[in-house]
Structure formats: structure tokens, C-alpha cells
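Architecture at a glance
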Amino acid sequence: MRMHTHQEFEAELRNLKDRLLAMGGRCEQMIGLAVRAFEERDEGLANEVMEADRRMNEDELAVDELAVRILALRQPVGRDLRFAVAAVKASTDLERIGDEAVNIAERAIEMQPADRLSPPGSKLSEMARRAGAMLRDALNALVEEDPRLARDVFSQDDAVDRIYGEVMKLCLEYMKDDPDRIPGGMRICNCAKYLERIADHATNIAEMVIFTVEGRDVRHGRA
Amino acid sequence: MSESTEAVADAPSSAKMETRDVNVFYGDNQAIKNVSLDIADRSVTALIGPSGCGKSTYLRALNRMNDTIDLCRVEGSILLDGEDIYDRGVDPVEVRRRVGMVFQKSNPFPKSIFDNVAFGLRIGGESNKDLIAQRVEESLRGAALWDEVKDRLQSSALGLSGGQQQRLCIARCLAVWPEVILMDEPASALDPIATAKIEELIRELREKYTIVIVTPSMQQAARVSDFTAFFYMGELVEHGDTGRMFTRPSKKRTEEYISGRFG
């Protein structure tokens, strides 16, 4: 895509992309911290996640404000219009990812210092790693306007869904023989659900990349 | 190969005018190249493109306005209700009555408001004063000007504001029962309020008339038109539903032009 004739407009679009990337970077960090806080029962790390979420909320407002400003003052059309719309939607997904990371951190705080991570929890770090990679790819695809990379995120989501299914099965097995295991097992189930939701948000962002670049809305199974 | 032959993406269902393989030359210089485009009945079609792309030349070919330019030659077929307006035996004056035109700069005659609107009827041979008065009122109402001028119909048209003069020119055009109205940058010289009135009027007129508008403002094309045709260097690059043209045009050149990426 050629550069915009209005340099200032080009700079605003660049700024919007940079802010989304920064939000994405923060999200990725939050996911890693939250899962570590849960695995290691580290309240300090969990509090860091909460703090990062407050900045995340501010980022969301800033991105939306910038996008609304572009819509009002530049009246973008074509791909610029689709990108501005995608940016608003992506900022919502990123903010929700932050909320899911906070949920994981809250489960970490609930645990007693003596609690040990139940065996099915060993899969969580892999889920977190994969969800983080999906998020990174989705945002790179948005900024690089690369629909191929966006489509790759869809297949990565299938893998996360499979692991989620395995974790749920392991948790059920783990809990059914001993009711005392239920609180710990449920926490793992919940964290797995949060990570699965994070992967879904990354997928939403990837769908907006296809919309931005190709003008096609592929949400809800629309080809 | 020219893209123009494959340009019509979502064509209107019923065409008031059909243009096929239209070429327009000024001497040796070809200003329009192989343009085929249907003009939808009772809709607004906007012609957009950079300066010199041929959009005004094409517009003027639609009512034989180019006939008045000696060096100008038009090839191809331009049909109005299926009949070629360039056929021998077709009266260009009658073509221009059916296909009226409004210009960038309002051009009222130095006469009264009433006489400006009555002008076309009178030179067309109408002498019934009641009928003329009735038609003048209808036309001024149709051009959303009646309420502003009804008490001073005998005043000079030159005393009207720019926006009122432009609506007077539209009323003058409406008086002779046109079917198609061509507008060449009709709001370029007007302030935003006068522009908004003209745009509002265009939306109302499309209920009864087929409108083709050339506009340098893409936002205006987006606001007033149902269909948009993008011209570039004499060729029709893409034509389609305005909503689609401004959200997901199918041609890269259209995308680059509408989003301001033309070098």
C-alpha cells in the first residue's frame, strides 16, 4: 500500500498501529505473569498483573479516542476506514485479554501458601505460551496487513481448544475420586477457560485483519 | 488491456441511459477511452476522479453539450431510453431539454427570478401565462427555493445569494420537464450550508429524476450518490454501489484514489 498523500494522516495511522502493538505487548506480558503467579502462588506477581490492567484500560480509551478522531477529522474510506474500525474492535479484545489475565491472577491470590499446583495444571503454561503467540501473530498481522499470518492464527486456535479439552478431562479425572481436590481442580479448569478465551480474543483480532486487508467479514463462520 | 470493459461491478437494475464503448476526442487528443457505463433510472450517479480524468467531458457527452466544441468528436453509442441521442434526425435541443444541465458556476440570466424559470418554456413556444406561472411555481418548489423567493419573483435573479442562484438554475432546468439532470460540480463555489441544501435537494430530486453529478469532493459523492463511477486518465476504472465503492472498492487504483494515496 502506498503512503498517504497527507503525511499527518499517515502519522496518525502509524500512531494507532503503534499503540495497538504496545497494548498487545502489555497483554502478552500480563498473560505470562498471571500464569506464573498461579503456578508459583506468587501474590506479588498477581498484583503486578492487576497494576498492568489499570494501564491497559487507559490504553483502550486512548486507542478509541484516536480512532474516533481519525474517523471524525479524516473521514477515512476504503482500507483506512476498515482499519480504523478494526482498531476500535481490537482494542476491546485486548482490554478483555487483560481482564482474563486479571482473572487468572485472582485465582492465584485465592490459593493458600501451602497449596500445591494440582497435576492437570502442568498444561497451563503451554496454553499460555500458545495464546500469547497467537496474540503476537494476530497483532503483527494487523500491523503488517498480512492475511496469511492472520489465517495461521485460526489454526493455532484449534490447537488451544484441543489442549483446553484435555485439561478439562484431566481435571475431571483428578477431582472425581476425592472431593478435597475439587477447589484446586476447579481453579485449574477456570484458568484453562480464561486462557481459551484469550485465544478466542486473539482470533477475533485475526478476523479483523482479514476485514481490513480483504474487505471480507469472516466472523461467525462467514467465508 | 483497458480495465473499463470489466469495470461494471454491481450495475443498476434499470438503466435510464446506457453508454457503450464511448470515445471522445478533442482533435488528436483522446479524452475518453472506451467507456461503457449504465446510468441507473431515478438514482444519483456520481462521477469522481482526479482533474483531467475526463469526468466532465463524459458528462457533457450525455446531452451533446460537446457538439458546441468544433474539434470535439464523440464515438460509440449513448442511449436515452434505448434511443441513441447522437443518431441523425435526433434534435440536440430536444436532447438537452430531456437531459438538462446545471453548471459549476451558477449562471442566471440578467432577468427576473420569474423570467429565468419561465425562459425555457417561452422559447419552447409556450405562451399560456397561467400555465407558465404554474410551472414556475412548481419548478421553484421542486428546487426548494419557492418559500425564499415567492414574494419577490420580479426581482433580479442576480440579487440572490450564490446558493439561491444555483437552486434557481436547477429550477430553470426543472421547468422544461427534464428526465435526466447532469450536474457539473454544482456546489463547488458554495459555502457548507448552501452545499448541504443543494445536496438535500439532490436526494429529493432523485425520486423523480435521474441525476448524474461530477464532484471533486469524494465526501460529497459518498453523501449524495447511489452509484459511483471512478474515472482515471479517460478510462472508467470502476463503477458500483456507492456504499461498496467507499468501503471496499475492488480495484487498487480506486482504493488509492479514494483514500488519498494518489502520487
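Residues numbered from 1 in each chain as written. Chains lettered and ligands numbered in written order. Predicted model: local features only at pLDDT ≥ 70, side-chain atom pairs only at ≥ 80, totals over all residues.

Here the focus is the overall build of chain B. Along chain B, the regular secondary structure elements total 10 helices and 10 strands. The globule rule puts the C-alpha radius of gyration for 263 residues at 18 Å, and the 18 Å found for chain B is close to it. In chain B, which comprises 263 residues, the share counted as buried stands at 47%. A separation threshold of at least 6 residues defines the contact pool for chain B, and within that pool the share at least 24 residues apart is 71%. (Helix = DSSP H or I, 4+ residues; strand = E, 2+ residues; numbered from the N terminus. Rg over C-alpha atoms; globule rule 2.2 N^0.38 Å. Buried ≥ 20, exposed ≤ 12 C-beta atoms within 10 Å, placed from the backbone. Contact = placed C-beta atoms within 7 Å.)

A few words on the overall build of chain A. Summing up its helical and strand segments, chain A has 6 helices and 0 strands in all. The order of α-helices and β-strands along chain A, N terminus first, is α-α-α-α-α-α. The globule rule puts the C-alpha radius of gyration for 223 residues at 17 Å, and the 19 Å found for chain A is close to it. Expressed along its principal axes, the backbone C-alpha trace of chain A runs to roughly 65 × 35 × 20 Å. Within chain A, the proportion of its 223 residues that are buried is 43%. Long-range contacts, defined here as pairs at least 24 residues apart, represent 80% of the contacts in chain A between residues at least 6 apart.

On to the pairing of strand β6 (residues 99–102) of chain B, then. Residue and element names in this part refer to chain B. Going residue by residue along β6, you find V99 and M101 tucked away on one face and G100 and V102 tucked away on the opposite face as well. Alignment of β6 against strand β7 (residues 180–184), held across 4 bridges, turns out to be parallel. Counted as the bridge partner of V102 is M183 from β7. (Pairing = 2+ DSSP bridges.)

Here the focus is the packing of helix α3 (residues 78–110) of chain A against helix α6 (residues 182–214) of chain A. Residues and elements named next belong to chain A. Viewed as axis vectors pointing N to C, α3 and α6 meet at an angle of 170°, and their least axial separation amounts to 9 Å. Taken as axis vectors, α3 and α6 run roughly antiparallel relative to one another. For the contact of α3 with α6, the per-class residue count stands at 11 nonpolar, 5 polar and 10 charged. (Axes fitted to C-alpha atoms, helices over the stretch in contact; angles between N-to-C directions. Parallel < 35°, antiparallel > 145°, perpendicular 65-115°, else oblique. Nonpolar A, V, L, I, M, F, W, Y, C, P; charged D, E, K, R; others polar.)

Now for the interface of chain A and chain B. With 14 residues of chain A at the contact, the number on the chain B side is 14 residues. Residues of the side of chain A that touches chain B, tallied by class, amount to 4 nonpolar, 6 polar and 4 charged.

Residue and element names in this part refer to chain B. Reading across the sheet, the 4 strands line up as β2-β1-β4-β5 and stay open at both edges, with antiparallel pairing between neighbours. Of all strands in the sheet, those with a lone pairing partner are β2 (29–40) and β5 (83–84), marking the two edges. Strand direction decides the pairing type here: strand β1 (residues 15–26) and strand β4 (residues 72–80), joined by 8 bridges, are antiparallel. The residue bridging M17 from the neighbouring strand is L80, located in β4.

Time to look at the nonpolar core. In this structure, A:A34, A:A131, A:A138, A:L142, A:L195 and A:A202 are the most contacted members of the largest nonpolar core, which totals 137 residues. When residues of this core are assigned to their parent elements, the largest contribution, 15 residues, is made by α6(A). (Core = buried A, V, L, I, M, F, W, Y, C linked by C-beta atoms within 7 Å.)

On to helix α4 (residues 129–142) of chain B. Residues and elements named next belong to chain B. Taking 1.5 Å per residue as the helical rise, α4 with its 14 residues ought to reach 20 Å, and the 20 Å between its terminal C-alpha atoms agrees with that figure. Listed as buried for α4 are R135, V136, S139, L140 and G142. Down the axis of α4, the buried set is contained in an arc of 155°. They therefore lie on one face. Facing away from the buried side of α4 by more than 90 degrees, the exposed set consists of D130 and Q134. Packing partners of the buried residues in α4 comprise α3 (113–123), α5 (146–149) and α6 (162–174). (Expected span 1.5 Å × (residues − 1). Arc of directions from axis to C-beta.)

Moving on to the packing of helix α1 (residues 7–40) of chain A against helix α2 (residues 43–74) of chain A. Residue and element names in this part refer to chain A. Two numbers describe how α1 lies on α2: the axes approach to 9 Å, and their chain directions differ by 160°. Overall, the two elements α1 and α2 adopt an arrangement that is roughly antiparallel. Taken as a pair, α1 and α2 cross one another with a handedness that is left-handed. The class makeup of the residues in the contact of α1 with α2 is 19 nonpolar, 2 polar and 9 charged. (Left-handed = near helix turned anticlockwise from the far one by under 90°.)

Another aspect to go through is the pairing of strand β9 (residues 227–232) of chain B. All names here are of chain B. Of all 6 residues in β9, 6 are buried; the element is thus mostly enclosed. Residue alternation in β9 divides its side chains into two sets, F227, A229 and F231 and T228, F230 and Y232, and both sets are buried. Sheet topology places strand β3 (residues 44–48) next to β9; 4 bridges connect them, and they run parallel. Bridging from a neighbouring strand, I48 pairs with F230 of β9. In this sheet, strand β10 (residues 235–241) lies alongside β9 in antiparallel orientation, the contact comprising 6 bridges. The residue of β10 that forms the bridge with A229 is H239.

This paragraph deals with the sheet that holds β6(B). All names here are of chain B. Reading across from one edge, β6-β7-β8-β3-β9-β10 is the order of the 6 strands in this open sheet, with mixed pairing throughout. At either margin of the open sheet sits one strand with a lone partner, and together these are β6 and β10. Mean inter-strand twist for the sheet, computed between neighbouring axes without regard to direction, equals 20°. Sheet strands in contact with α6 are β6 and β7, and its direction is about 170° off that of β6.

All names here are of chain A. Following the sequence through the fold, E48 ends up in helix α2. E48 sits in the partly exposed class, given 18 other C-beta atoms within 10 Å. Separated by 152 residues in sequence, E48 and D200 have C-alpha atoms that sit 24 Å apart.

Moving on, we get to the confidence of the model for chain B. All names here are of chain B. Taken residue by residue, chain B gives an average pLDDT of 93. The fraction at 70 or more is 95%. Counting contacts from residues 1–9, a segment whose pLDDT is below 50, to residues more than four positions away or on other chains yields 24 contacts. If you check the scores for this complex, the pTM reads 0.82 and the ipTM reads 0.71. (pLDDT = per-residue confidence, 0-100.)

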